[in-house]
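Chain by chain, the residues:
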Amino acid sequence: MLSPFEVGGKTFRNRVIMGSMHTGLEDKLEDAPKLAEFFRERAEGGVAAIVTGGYPPVLEGNLTPFGQPFNSQEIADAHRQVTEATHAGGALAILQLLHAGRYGYHPMAVSASASQSPITPFPARELSDEEVRATIKAYGEAAKYAKDAGYDGVQIMGSEGYLINQFLAERTNQRTDDWGGSAEKRMRFPIEIVKAVRAAVPEDFVIDYRISVLDLVEGGQTQEEIHELARQLQDAGVDMFSSGIGWHEAQVPTIVTSVPRGAFAWATAELREVVDVPVVIANRINTPQVAEQLLDGSFNPEGGEARTGGEPFGEFVSLARPMLADAEFVNRAAAGEAELINHCIACNQACLDHTFTNERATCLVNPRAGYETELKLLPTRTTKRVGIIGAGVAGLFGAEALAERGHHVEIFEASDKVGGQFQLAMRIPGKEEFVEALKNVQARLAKREVPIHLGSPRTPEELLEAGFDEVVVASGVTPRIPEFPGLAEALRGEVDGVSAMTYAELLSREKEAGKNVAVIGAGGIGYDVTEFLVEDRGGQPQSIREWNEQWGVTTDPEARANLTRPNPPQPLRKVTMLQRKITRMGRGLGKTTGWVHRAAVAMAGVEQIVGVTYEKLDSEGLHITVPAQDIKELQKALSKAKKAKDTEELARLETAIREERKELVIPVDTVVLCTGQESVRPDQADGTSEGVEQKVHIVGGADVAAELDAKRAIRQAVELAARL
Ligand code: NAP
Ligand code: SF4
């Protein structure tokens, strides 16, 4: 991983490339200084090259209405500070050219043929032959501007379902002119682009083509077509191939935390067999160990133990989100301190979920990412003793930030474990990465000699009396217990044949679920718990083979888009999810991850009931009432009345929902409560005791339990640390 490699006349100092990410700092020229600092930190952190977020060669190729096409001297001039900062850190700078095609979130969207993607509300019109040729020319001009801005190369974005993919696949290209009608003609668009770029830039300017090694959408390309394309692109002048996996509209997850590490490396290895230029492996590579195994060939594509005698899967690895989580990823690996790396948990909560809602991308475990010029952890001028109550993630990451600034920090945790809600999350199938994140932050705290006192409940008063200058209360949350007849008795084990438990009791294995379970509350934790109930793997990650089988991914070179019939495992239990709201379930889940949870639960045959009132729990099971009318009809009528702002109709529907109800009994043996949380604070932690209010700071779930969220908790703790 640390050995250098020559590509197209440029020396990459090692094999780690920071993959392209759209941070939101690309869209305005005045944000260029922030982008420069973001890249400088990562270049100084040791990566060989940094690929920018995507810039379109023409205006209609924008991802959002306000993007910046890379087609003017003004933008080339503004980017000089970005390339200089990257070079100052010792890395190469590569500009990504991305034409969004029908993924453009604006009314100017264009595509190979007129169509609308399932993930945008805007229909795209078909490009004319003349416009296709002009677009190709624009790629060449954009590459020239990139060279002028100081970039060492460009990455032509040919994957993830953007315009180039749209030309390549029958799914989106129904043209009958020079640009469609046969696989050969569909390939012309990218080949002409590469030729135009090659003709516009010198020989030592790197052309990296990000090729879709797996389309994973119906009507996508086969492996044979992809390999033929690669051969022709290489002849047209490509210096290296980066791997892209799956279109954004694919129904197969490609980067969420439940995708096994290195799950798609096999497809890059197959590409490597057919080309002579270096290839870059991507997706779900988040530790130096996995990177090293992929590069030396010891990675086992079946999952499990390393293999011997295997061929490398590629010459480079591309890591994107792990570089948000830890700019020092490569330096730490090089120093033999991989255990200190701030571990990306592949949650998407602060990066991709932000990008897709037009917020600046940052990182759940590193709130400084993208905010390098704004959230600074400067050395303190007055060293203080800071006591932290609670070793959940807010306490741990807050302690690290305080210690980095030079404060003397100690953590006091009432229980016998660190991690708080993370301890529970890491038991969910597919969330095994959380274990690493906890181990790594503890290793960094140990290196900074921050003591963590377990089994040590403390109040702020006690810590202030013991000589601490400041106290941070990060004591977290406790599960909320709703009230309805029979529940309290069932929680105490006093109802024959039915037990009730909180999600915390279930996940910590304090209590065991039976075979027929009702999950009350369908927020993020309701979904997590349901997945745990149907597929408890005892904390073991799924193997790549099992995962491929579950999601219907095949390595068959002739299978269109490498798709086959999904074959999910048999669910362990019968589960019914319930919520009081009448809206469709799972709407509040993460923008880029929610669909995966909804699909996993649907595959397991989980029943979902909305509009529920909980009446009682007894030996027969859970007694509920639900609206008498058909729920789907009610949802439609409500949404229509809301849109039309028809208050009379809304009132009528609400009365009907409230008053016209039918009774149901769900014959369950177990009820699991996933009904949100309430703050936990040690006595006097509200800071009302005389004289302490200035010195006691409440963060995370202890501050606000509603919509409890590790992203907010960690950011709040780190921002506090920057101020203290
Ligand atoms: P949540 O999202 O607030 O969901 C709890 C649900 O329980 C509510 O939606 C509510 O729905 C129901 N509820 C609340 N009070 C109730 C009561 N007294 N009686 C009956 N039902 C009640 O909380 P969560 O699921 O614990 O998640 C907490 C946070 O963790 C989320 O905000 C999220 O940020 C994070 N998280 C996210 C994920 C993910 O995205 N995959 C996973 C885990 C955690 P009804 O009122 O409609 O019944
Ligand atoms: Fe990784 Fe989550 Fe941070 Fe994104 S927000 S970089 S997925 S840890």
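So, how was this worked out
- Residues numbered from 1 in each chain as written.
- Chains lettered and ligands numbered in written order.
- Predicted model: local features only at pLDDT ≥ 70, side-chain atom pairs only at ≥ 80, totals over all residues.
- Heavy atoms only, no water.
- Helix = DSSP H or I, 4+ residues; strand = E, 2+ residues; numbered from the N terminus.
- Expected span 1.5 Å × (residues − 1).
- Buried < 20%, exposed > 50% of the residue type's maximum accessible area, 1.4 Å probe, protein only.
- Arc of directions from axis to C-beta.
- Contact = heavy atoms within 4.5 Å.
- Pairing = 2+ DSSP bridges.
- Phe/Tyr/Trp six-rings, centres within 6.5 Å; stacked < 30°, edge-to-face > 60°.
- Salt bridge = Lys/Arg side-chain N within 4 Å of Asp/Glu carboxyl O.
- Axes fitted to C-alpha atoms, helices over the stretch in contact; angles between N-to-C directions.
- Right-handed = clockwise from strand over helix to strand, strands pointing away.
- Parallel < 35°, antiparallel > 145°, perpendicular 65-115°, else oblique.
- Left-handed = near helix turned anticlockwise from the far one by under 90°.

Peer 1: What's the story with helix α1 (residues 32–44) in this structure? I'm lost.
Peer 2: An α-helical turn contains 3.6 residues, so any two residues separated by three or four positions project in the same direction. In this model α1 runs 18 Å from its N-terminal to its C-terminal C-alpha over 13 residues, within 8% of the 18 Å that 1.5 Å per residue would give. The set of residues buried in α1 consists of Ala 32, Leu 35, Ala 36, Phe 38, Phe 39, Arg 42 and Ala 43. For α1, the angular spread of the buried residues around the axis is 160°, confining them to a single face. On its buried face, α1 is in contact with β3 (16–18), β4 (49–55), α2 (73–88) and α10 (321–325).

Peer 1: Whenever I open this one, the sheet that holds strand β13 (residues 385–389) confuses me. Can you help?
Peer 2: Hydrogen bonding along the main chain pairs the strands of a sheet, whether they run parallel or antiparallel. Pairing within the open sheet is parallel, and its five strands lie in the order β15-β14-β13-β16-β27. The strands lining the two open edges of the sheet, one partner per strand, are β15 (452–453) and β27 (696–698). With two bridges connecting them, strand β14 (residues 408–412) and β15 associate as parallel partners. Across the sheet, the residue bridging to Phe 412 is His 453, located in β15.

Peer 1: Explain the environment of Pro 566 to me, please; I cannot follow it from the model alone.
Peer 2: Mapped onto the secondary structure, Pro 566 falls in the loop between α20 (544–551) and β20 (574–578). Overall, the relative accessible area of 44% leaves Pro 566 in the partly exposed class. Once the C-alpha coordinates of Pro 566 and Met 603 are considered, the two residues, 37 residues apart in sequence, prove to be 9.0 Å apart. Those residues within four positions of Pro 566 in sequence are excluded, and the remaining contacts are Glu 549, Gln 550, Trp 551 and Gly 552.

Peer 1: Got a minute to help me understand the packing of aromatic side chains in this structure?
Peer 2: Tallying each qualifying case throughout the model produces 14 aromatic pairs. Aromatic pair Phe 38 and Phe 39: ring centres 5.6 Å apart, planes at 40°, arrangement tilted. Judged by relative accessible area, which is 3%, Phe 39 ranks as buried. Between Phe 70 and Tyr 151, the ring centres sit 6.2 Å apart and the planes meet at 75°, which makes this aromatic pair edge-to-face. Within this pair, whereas Phe 70 is found in the loop between β4 and α2, its partner Tyr 151 is found in the loop between α3 (129–148) and β8 (153–158), the two being separated by 81 residues in sequence.

Peer 1: Explain the pattern of salt bridges here, please?
Peer 2: When the charged atoms of two side chains with opposite charge come close together, those side chains can pair. A full pass over the atoms with the stated rule returns 41 salt bridges. The closest approach of N and O atoms between Glu 41 and Arg 368, which form a salt bridge, is 2.9 Å. Of this pair, Glu 41 sits in helix α1 while Arg 368 sits in the loop between α12 (352–355) and β13, and the two are 327 residues apart along the sequence. Assessed through its relative accessible area of 16%, Arg 368 is described here as buried. Here the salt bridges do not stand alone but share partners, grouping Asp 31, Lys 34, Arg 360 and Glu 374 into one network.

Peer 1: Help me understand the sheet that holds strand β21 (residues 607–609), please; the structure alone is not making it clear to me.
Peer 2: Here we have five strands laid out as an open sheet, ordered β18-β25-β19-β20-β21, and parallel in their pairing. Of all strands in the sheet, those bounded by a partner on one side alone are β18 (499–502) and β21. The mean angle between the axes of side-by-side strands here comes to 20°, regardless of whether they run parallel or antiparallel. Here five bridges tie strand β19 (residues 516–520) to β20, and the two strands are oriented parallel to one another. Within β20, the position partnered with Val 517 by the bridge is Val 575. Those strands touched by helix α19 (residues 524–534) are β19, β20, β21 and β25 (670–673), and its axis lies near 175° from that of β20.

Peer 1: Where do I start with the side chain of Glu 315 in this structure?
Peer 2: Position of Glu 315 among the secondary structure elements: in the loop between α9 (288–296) and β12 (316–319). If we ignore the near neighbours within four places in the chain, the residues touching Glu 315 are Phe 5, Arg 15, Arg 272, Pro 278, Val 279 and Leu 295.

Peer 1: Would you mind showing me how to read unusual backbone geometry here?
Peer 2: The general pattern is negative phi for most residues beyond glycine and trans for most peptide bonds. Unusually for a residue other than glycine, Arg 509 sits at a positive phi of about 65°. Considering the arrangement of structural elements, one finds Arg 509 in the loop between α18 (503–507) and β19. A relative accessible area of 39% places Arg 509 in the partly exposed class. In this structure, Asn 562 takes a positive phi of about 60° despite not being glycine. With respect to the helices and strands, the residue Asn 562 is situated in the loop between α20 and β20. On the basis of relative accessible area, Asn 562 is assigned to the buried category, the value being 0%.

Peer 1: Help me understand the pairing of β4, please; the structure alone is not making it clear to me.
Peer 2: Where burial is concerned, most of β4 is hidden: seven out of the seven residues are buried. Two elements, β3 and β4, share two bridges in a ladder whose sense is parallel. Counterpart to Met 18 in the pairing with β4 is Ile 50. One ladder, built from five bridges, connects β4 with strand β5 (residues 92–97); its direction is parallel. Looking across to β5, one finds that Ile 50 is bridged to Ala 93. Handedness of the β-α-β unit built from β4, α2 and β5 comes out right-handed.

Peer 1: How should I be thinking about the pairing of β13 in this particular structure?
Peer 2: It is a general feature of regular strands that their side chains alternate between the two faces of the sheet. For β13, the tally of buried residues reaches four of five residues, placing the bulk of the element in the interior. Pairing analysis gives five bridges linking β13 to β14, with the strands arranged parallel. In the sheet register, Ile 389 faces β14, and the bridge partner there is Phe 412. Here four bridges tie β13 to strand β16 (residues 470–473), and the two strands are oriented parallel to one another.

Peer 1: Would you explain the packing of helix α22 (residues 631–643) against helix α23 (residues 647–659) in this entry?
Peer 2: Helix packing for two helices is described by the angle between their axes and how far apart those axes are. For the pair α22 and α23, interaxial distance at closest approach is 9 Å and the crossing angle is 155°. On the basis of the axis angle, α22 is roughly antiparallel to α23. Here α22 runs over α23; the crossing is left-handed. Contacts between α22 and α23 involve Leu 634, Ala 637, Leu 638, Ala 641 and Lys 642 from the first element and Glu 649, Leu 650, Leu 653 and Ile 657 from the second.

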